[in-house]
Amino acid sequence: MLLEARELVKHHGGRTALDRVSFSIGAGEIVGFLGVNGAGKSTAMRILSGFTAPTAGQARIAGFDPRLAKARERIGYLPEANPLPPRRRVGEYLNFRAGVKGLAGAARRRAVREAAARCRVDGFLDRLIGGLSKGMRQRVGLADSLLASPDLLILDEPTSGLDPAQAEETRGLMAGLADRGAAVFLSSHILHDIERLCRRVIVLDRGRVAADGALRDICGEYAGERILRLEMEAAGPVLETLLAVPGVAGGEVEPHPPGAGLVVRLTLAAGADARREAALAALRQGWLITEMRLEPIRLEDVFRRLVLNEPAADGTGHG
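This text gives an overview of the structure that appears in the document. (Residues numbered from 1 in each chain as written. Predicted model: local features only at pLDDT ≥ 70, side-chain atom pairs only at ≥ 80, totals over all residues. Heavy atoms only, no water.)

**Re unusual backbone geometry**
Even without a glycine there, the phi angle at Arg20 is positive, about 55 degrees. Residue placement: Arg20 occurs in strand S2 (residues 15-25). A positive phi angle is found at Ser149, which is not glycine, with a value near 45 degrees. Structurally, Ser149 is set in the loop between helix H5 (134-146) and strand S6 (152-156). (Helix = DSSP H or I, 4+ residues; strand = E, 2+ residues; numbered from the N terminus.)

**A short note on the packing of H5 against helix H6 (residues 164-179)**
Packed helices, taken two at a time, are described by their axes: the angle between them and the distance between them. Their axes nearest at 12 Å, the elements H5 and H6 cross at an angle of 10 degrees. Looking at the two axes, H5 sits roughly parallel to H6. The residues of H6 that touch H5, namely those facing Gly135, Arg139, Leu142 and Leu146, are Gln166, Glu169, Thr170, Leu173 and Leu177. Of the residues contributing to the contact of H5 with H6, the split by class is 4 nonpolar, 3 polar and 2 charged. (Axes fitted to C-alpha atoms, helices over the stretch in contact; angles between N-to-C directions. Parallel < 35°, antiparallel > 145°, perpendicular 65-115°, else oblique. Contact = heavy atoms within 4.5 Å. Nonpolar A, V, L, I, M, F, W, Y, C, P; charged D, E, K, R; others polar.)

**Examining the sheet that holds strand S3 (residues 30-34)**
The strand order across the open sheet built from 6 strands is S5-S6-S7-S3-S8-S9, with neighbouring strands paired in mixed fashion. This sheet does not close on itself; its edge strands, each paired only once, are strand S5 (75-78) and strand S9 (208-214). In this sheet, adjacent strand axes meet at a mean angle of 15 degrees when their direction is disregarded. Sheet topology places S3 next to strand S7 (residues 183-187); 4 bridges connect them, and they run parallel. In the strand pairing of S7, Phe33 is matched with Ser187. Contacts from H6 reach S3, S6 and S7 within the one sheet, and its direction differs from that of S3 by about 130 degrees. Across the sheet, helix H11 (residues 299-307) touches S3, strand S8 (200-205) and S9, and the angle it forms with S8 is around 35 degrees. (Pairing = 2+ DSSP bridges.)

And the structure:
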């Protein structure tokens, strides 16, 4: 295995950030790493990339401690809050980072040129980093992680700050790297990215692994449930009224701008078909339903169930 976490424990003061976390990742895999803020994802990534040591347990990159040069030269790491130097120019910074990673001469120049082109920052090499947008700084950090053609990419929120086109390019880049045999370990709050890229996910909950497996298998455990999506013009206790319908296990009102129609997503319990009853409950209140349809369970719904201990939709909106 290219990456291994063996019973990792990490204490911060009196708090346990990681509690016996174990998993492994092989070459060519794109693995999604999920959890709410504070679940321990960034701590695990820092340990696996060699930037901090565990309190107990072991991390291994191709068999080596990630703090050793033999391991770190195989890793490309993009932290969530990447501390780029604002007074350095993009090309200068990438050239410096390539040198830190052991590249020199023509190989160093070629690595900078190729990484900058792949991340679309080749037109900004003479620009000061401090004058770049957040999305462009994120792309510079991603270019840094690609220097030296690493076997393993550890990416913490790689599409944060990117516009939709940039995010799509980044997803394509990660998929291409995996096709060429690199492993990608990806943390993201954008669950749509995980659904599109990852065949496997690891879910962390309060420092422990809550789930680890193929995405289709994890979501398949809830395949008997369905989501009833209602678009309506309504006011008053909408969610409370619909949650009282037999067969409705949970629900949420999607965020919407003031004055816009409501979108309600109701979780129907396995084996239940409460579409008619939900529609009648709405009509009795005088609400106008403009669209009603069934949807399959999404990763976001499963994530809520695994981590937040809620029904697949809980009424608090997306997060």
